Every structure is written in structure tokens, then in C-alpha cells.
Amino acid sequence: MDGRVKHMLESTEEQSMTPETACSAGIKFGTKFKNVAVFRDADPSSQMIADALISGLLSAGADVTYAGMLSVPAAHAAYSSSFGCLLSVGNPDTENSIAGIRAYSSDGTPFDTDRLYEIMKVEDTDPIDYRGVGQLRYDSSANEKYINQVKSMGVSSQSYVILDCGCGSTSMCAPQLMVDIGAEVVAFNAHPLKGQRPRAPGLNKTNLMNISNFVNASIGSIGISFNGDGTRLAVMDENGKYVPGDRLLALMLMYLEPETAVVPFDSPCVVEDAFMHPLNIRGVQHRDGAERRLIRTKNDINSVIEAMKENNADFGALNDGTFIFPSLGYCPDAIYAAAIISELAGKRSIRNVLEEIPIYSNRTIRINFDGNMTHFSNKLKEKIKEYDILTVSTSGNAWKMVLKNGTYVIKQNEIDPKKLVIFAESSDVVYLITMLEQARDIINYCI
């Protein structure tokens, strides 16, 4: 995010959010949007920042609905049809001392840098006359609306789930949802801690050591953990082993069998392979004559959503446990993703599915380059026509070649522009070496 905006809305090591800044942000948003929903996570500082934000919104004449502690997916389910802007207050992925502010549009899309800057660059205006101050109302119905929305999607589960809500906002609906769809649930950290920080919102292997041990001791159960606002999740298989983000994405692709999916450009081979080899246990019916497509784009949420809209995709994801389901909107939704994973676990062992996925080897080579990237790109486009490459994707000065038994990427080194990097992956080491030689030949021709 642009530093000018980041320092205004998100707490950083260099500058924390303050009530004064939150109030100023509220005035700016309230000038632009006259009907706003505000909610927060379980961080102890979130209430203070939310109160200041609401004060600014009201003083600018905006009507505010305050939902209290709420996950982002639940907020979107409740307010997307009637609010122009949803403002989330909290620390969903960090342990900064003060909560920050995130904005979402009515379709669930996070505000990108340009849109935030256009709002935040406007000079503060004087609060309007007291007769024009906005109205504040409180609402506690969002979680129920969200649960009913997910249940209407037809997801059901017969699995055993150890659910860790981290004492965060997902505590308000995730355990009840999992029970309602039929899962056998053991939920812990499923209640907010008054005046205390919730579990660290990180979702890496170290953060989840406690739940991993608990899952390992509960034979046949999987483990699911959420970040602070319900936009990302992590999964442990039946052995209590952490499932890396790229393999979690592979599981989702294999089970859901989307017709058109959008994934990050740098997704590894396991993702490409998963898309081409569905599990075929859901009875998915694709449109007659429809060709399944895997779209690759930049590795950020807004680029994924933009590509999803352009290609009418029915699924999108990052490699970090972020999933987007257009049938529910473009809001990242870890709670619905958890319901889907639990449904899969009730039909097939996640551990067994993961063991069936090939193990890939990879190699990286760096080559000196002192030429013109435009000239290099033009020559590369012509040269690759000579090879048996299934698909080619581009992202800036990077090209991804998908072959029958592997992939390789040719890109300009971001740190040292005078070097080109080849990164190749394959489950067959001999094929891997062959791809590297092919990539070398292409580069030698282009430079």
C-alpha cells in the first residue's frame, strides 16, 4: 500500500494509529459516503479507534451502523446490499499496538491504494452544523445473516473439526456455523477476552503449534484457525501437520473444480497440477462446451479480484489462505472456506489427498543481463513459439511457461535488474533439467 495512505489508516512500526487520525479519517470517509457500516475485531484498542472513527463519520453528516465485534465476511453478508462503504477496525494479521482501519466496497472488494488516496488526500473540512450530524444505530444481526447465507449455499459436513478462533471476531459465528452444517466441533479460544489481546493473528506453523498438538491427539480430526478478521485461515491435517498455503489452495481447487479460477502468477506447480486433476467427488457439472481456465495474475488481493471480474471467474485465491467466492461476493472469506474444507474432510482424508499430490523439485539459475527489457520481451514472444509450451502468462517483466510436466519462470531480478532469474519446477528431475536448458536457450537468443 502507498506509504502516504498506509501511515494514515494502518498502524505501522514507524507510526501508530491515533484517535485523532481515526476521527480525521472518519470525516474524510463521511464526506464521501453517507451510509457507512463500522465494525471491529477483538483487539483491545479497536473500540477506541472505532469510537473515534464513528465520531468523525457522524460529524461529516454520515449515517453509521455500528455492528461491534464482527468478522469481515459476516459484515459483508449483512451490509453489502445497503451500504456504500464498510469500515473494519483492527489488527487482523499483525500485533501492532494500535488497531488500524480497512475499507471495503459494497461488493466486498478491499479499497485499493488509489481509491484510498483519493479519499484521504482531501483536506479536513470543518464539521457540519449540528443539525446535519449523522445518525448512529447499533445492529447485532449480522452473524445470523451470515450463517444463513452460508447454509443456503448447500455446504454440509460430516467431519471432526478442532476450531481455533483465537479469541477473535470469528468466535461470534464460526463455531455455530460449523455445528449447523453438521460438523462435530471442538472449539477453543472461541470467546473474546475482555481487555486482553487475542491469540497472535499470524497463521504460520509456529503460531499454530498449540492447535497442531491438540489435533494430533484427536484421532481423525482436522484443525482450522483464523486470523483476526476472518479473511484468512490455516489448516492442519488429521495428523496435526500444518498444510502450507499453496497446498491448501491445491486442496480447494481439486475439490471445488472451478470452471475459471484466478491464482497468483508465482503459484507453484502443485497449484497448476491441482487445477488439472480434480478429485471428482462433488459431481460438478460444467457448462456445455466450456473450457476450464486457470488465470494467473499479480500476487495481491486487488489484482486477483480485478482478474476475477474481467474473466467472470468462479473462484480466486492467494497462496496464504485467502479465498474469494464470487457467489458470496468479492470479500475474502475464510469462514466459508473452512466450511468447504470440513466438507471435504468428511468425504476424503485430507492427509491422504495431500500424500497423493506429487512432490516437486525446483532449481533457480541467475544470468547476467545488461540489455533493454522491451527488446528482450519482443524477442521472447517470438522465440517461445518454437517450443511445445502449453500456456504462457506474463506479469510485468516476468513470464511463466507451463509445460506438460512442469513450469518455469523467466523474470528480471527485482533487487538487481542486471540479472535474469530462471525458476523451474517439476516432479521429474530429468524433465526439470531439460526445462532449464530450454529457458537458457530462450534467454541466450533474446539477449
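Here is a short report on the structure shown in this document. The structure presented is a predicted model; accordingly, all values stated were derived computationally and were not measured. (Residues numbered from 1 in each chain as written. Predicted model: local features only at pLDDT ≥ 70, side-chain atom pairs only at ≥ 80, totals over all residues. Heavy atoms only, no water.)

### Re the overall build of the chain
Scanning the chain from N- to C-terminus turns up 15 helices and 19 strands. Relative to its length of 447 residues, the chain is compact, with a C-alpha radius of gyration of 23 Å against a globular reference of 22 Å. Along the longest, intermediate and shortest principal axes, the C-alpha atoms of the chain span 70 × 55 × 45 Å. A sequence separation of at least 24 residues applies to 70% of the contacts in the chain between residues at least 6 apart. (Helix = DSSP H or I, 4+ residues; strand = E, 2+ residues; numbered from the N terminus. Rg over C-alpha atoms; globule rule 2.2 N^0.38 Å. Contact = heavy atoms within 4.5 Å.)

### Section: the sheet that holds strand S8 (residues 221-226)
Read across the open sheet, the five strands follow the order S7-S6-S8-S9-S10; overall the sheet is mixed. For this open sheet the edge positions go to strand S7 (184-188) and strand S10 (242-243), each flanked by a neighbour on one side alone. Helix H8 (residues 209-217) contacts strand S6 (160-164), S7, S8 and strand S9 (233-236) of the sheet and is inclined by roughly 160° relative to S8. Relative to the sheet, helix H12 (residues 334-347) contacts S6, S8 and S9, its axis offset from that of S8 by approximately 175°. (Pairing = 2+ DSSP bridges. Axes fitted to C-alpha atoms, helices over the stretch in contact; angles between N-to-C directions.)

### Points about the side chain of Thr 231
In this structure, Thr 231 sits in the loop between S8 and S9. Here the side chain of Thr 231 touches Asn 227 through a polar contact of 3.0 Å, side chain to side chain. Among the polar contacts made by the side chain of Thr 231, one reaches the side chain of Asp 229 at a distance of 2.7 Å. Setting aside residues up to four positions removed in sequence, Thr 231 forms contacts with Val 72, Tyr 104, Gly 321, Thr 322, Pro 332 and Ala 334. (Polar contact = N/O pair within 3.5 Å; in protein donor to acceptor, adjacent residues only side chain to side chain.)

### Structural notes on the pattern of salt bridges
If you walk through the whole model with that rule in mind, you get 11 salt bridges. Its salt-bridge partner being Arg 296, residue Glu 272 comes within 2.8 Å of it at the nearest N-O pair. With Glu 272 in helix H10 (residues 269-276) and Arg 296 in strand S12 (residues 293-297), this pair connects stretches of sequence that are 24 residues apart. For Glu 272, a relative accessible area of 8% puts it in the buried group. The buried category is assigned to Arg 296, whose relative accessible area is 14%. Close ionic contact of Lys 400 with Glu 272 constitutes a salt bridge, the shortest N to O distance being 3.2 Å. You can see Lys 400 sitting in strand S17 (residues 398-403) and its partner Glu 272 sitting in helix H10, a full 128 residues away along the chain. A cluster of three or more residues bridged by salt bridges with shared partners is formed by Asp 93, Arg 102 and Arg 232. (Salt bridge = Lys/Arg side-chain N within 4 Å of Asp/Glu carboxyl O. Buried < 20%, exposed > 50% of the residue type's maximum accessible area, 1.4 Å probe, protein only.)

### A few points about the nonpolar core
With 72 residues, the main nonpolar core has Tyr 79, Ile 224, Phe 226, Leu 233, Phe 315 and Phe 323 as its most contacted residues. Each residue touching Phe 323, except ones within four places of it in the same chain, is listed here: Leu 233, Leu 248, Leu 249, Met 252, Phe 315, Gly 316, Ala 317, Cys 331, Pro 332, Asp 333 and Ala 337. Counting residues in hydrophobic clusters, the runner-up holds 29 residues, among them Ala 25, Leu 57, Leu 58 and Val 64. (Core = buried A, V, L, I, M, F, W, Y, C linked by side-chain atoms within 4.5 Å.)

### Focus on the packing of aromatic side chains
Inspection of every chain in the model, using the stated rule, returns 11 aromatic pairs. An aromatic cluster of at least three residues, connected via ring pairs, comprises Phe 315, Phe 323, Phe 325 and Tyr 336. The positively charged end of Arg 115 is found above the aromatic ring belonging to Phe 111, 4.0 Å away from the centroid. Geometry around Phe 275 places Arg 292 over its ring, the cationic atom sitting 4.1 Å from the centre. (Phe/Tyr/Trp six-rings, centres within 6.5 Å; stacked < 30°, edge-to-face > 60°. Lys NZ or Arg CZ within 6 Å of the ring centre and 35° of its normal.)

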